[in-house]
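Summary of the model geometry
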Amino acid sequence: MPEPSSPVDAARLAPGASLLAIARVADAVANTDLAIALPSEEAARIARHVKADDRAARTAAWSLARTLLGAALGLAPAAVPVVRGANGRPGLSVASDLDFNLTHSGSWVAVGLARGGTIGVDVEKARGLDLWTRLAPDFMHDDDRTRWSALPEADRAAAALRQWCGKEAVLKATGEGLAGDARGVRLPEGGGLVVRAGRAFLTGSGALPAAAYAFAVEVDAPMLFLSAGAGWERLPG
């Protein structure tokens, strides 16, 4: 069987499989997977956000999420029954072993799907070292902060960005979200297993232009896709 060339082709996941699709908001102009007609209530909720960039990112993220979920469930994207659970985490209102998560930041969006386990994903735009230095006590364990502070100054902003994304992905996978204590999430170097709330999550992360992404999933590591104009590029992973 040929390898899937897009996340839509891959969305009918086998048990224990997952995928992560990462896209530029600007690609919504050309990529129909990022620009569908959202349900009126969902579109109205997005329209209430003040900033145009925020509205565009949310629209692209939910369009991609509904496109992938529709392909996975055999439904029209607008017919996918989405609800909000604890801490605002989105989910499906029908019984299914399919889990999903979505995220957006700056000019990037990402959507993760998993069959037979939970998935959390995060994407975050790059920020300056001054901000990360102020935030470090709030999300880094003391030991991690000591190691991070010892890095060359030129490497610290990127390292903090990857840590932030990785911890957010784990907390989104457990359902804790922003209410969780990120300092208690200890990420292995280069990705690997993280045990949280008695559950084991496989974690991983990567760099994007002026951004980073991360995932935490209870099943196999995801197939990775990156939008490229009207199409998709399969990333190694």
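What you are looking at is a predicted structure, and each value in this text was computed from that prediction instead of being measured. (Residues numbered from 1 in each chain as written. Predicted model: local features only at pLDDT ≥ 70, side-chain atom pairs only at ≥ 80, totals over all residues. Heavy atoms only, no water.)

Structurally, serine 227 is set in strand 10 (residues 223-228). The class for serine 227 is buried, based on a relative accessible area of 0%. Those residues in contact with serine 227 that lie beyond four places of it in its chain are Ile22, Ala23, Arg24, Asp27, Asn31 and Trp232. (Helix = DSSP H or I, 4+ residues; strand = E, 2+ residues; numbered from the N terminus. Buried < 20%, exposed > 50% of the residue type's maximum accessible area, 1.4 Å probe, protein only. Contact = heavy atoms within 4.5 Å.)

Time to look at helix 3 (residues 52-73). Between its first and last C-alpha atoms helix 3 spans 31 Å; for 22 residues at 1.5 Å apiece the expected length is 32 Å, and the two agree. Glycine 74 occupies a position one or two residues after helix 3 and carries a positive phi of about 70°. (Expected span 1.5 Å × (residues − 1).)

This next bit is on the nonpolar core. In terms of nonpolar packing, the biggest core is built from 31 residues, with Leu64 and Leu113 touching the most fellow members. For this core, the element with the highest residue contribution is helix 3, accounting for 10 residues. In this structure leucine 113 touches Ala11, Leu13, Ala17, Ser18, Leu19, Leu68, Leu69, Ala72, Leu98, Asp99, Phe100 and Ile119, once residues within four positions along its chain are discounted. Core analysis: the second largest hydrophobic core is formed by 20 residues, Ala136, Phe139, Val185 and Ala216 among them. (Core = buried A, V, L, I, M, F, W, Y, C linked by side-chain atoms within 4.5 Å.)

At their nearest, the axes of helix 4 (residues 129-139) and helix 6 (residues 153-174) sit 10 Å apart, and the two run at 45° to each other. One element, helix 4, and the other, helix 6, form an angle in the oblique class. Note on packing geometry: the crossing formed by helix 4 with helix 6 is left-handed. Touching Leu129, Trp132, Leu135 and Phe139 of helix 4 are Glu153, Arg156, Ala157, Ala160, Leu161, Gln163, Trp164 and Lys167, all from helix 6. Looking at the contact of helix 4 with helix 6 residue by residue, the classes come out as 8 nonpolar, 1 polar and 3 charged. (Axes fitted to C-alpha atoms, helices over the stretch in contact; angles between N-to-C directions. Parallel < 35°, antiparallel > 145°, perpendicular 65-115°, else oblique. Left-handed = near helix turned anticlockwise from the far one by under 90°. Nonpolar A, V, L, I, M, F, W, Y, C, P; charged D, E, K, R; others polar.)

Here we take up the packing of helix 2 (residues 40-47) against helix 3. The contact between helix 2 and helix 3 brings their axes to 9 Å, and the two run at 155°. In terms of orientation, helix 2 and helix 3 fall into the roughly antiparallel class. The chirality of how helix 2 crosses helix 3 is right-handed. Facing helix 2, whose interface residues are Glu42, Ile46 and Ala47, helix 3 presents Arg55, Arg58, Thr59, Trp62 and Arg66. Of the residues contributing to the contact of helix 2 with helix 3, the split by class is 3 nonpolar, 1 polar and 4 charged.

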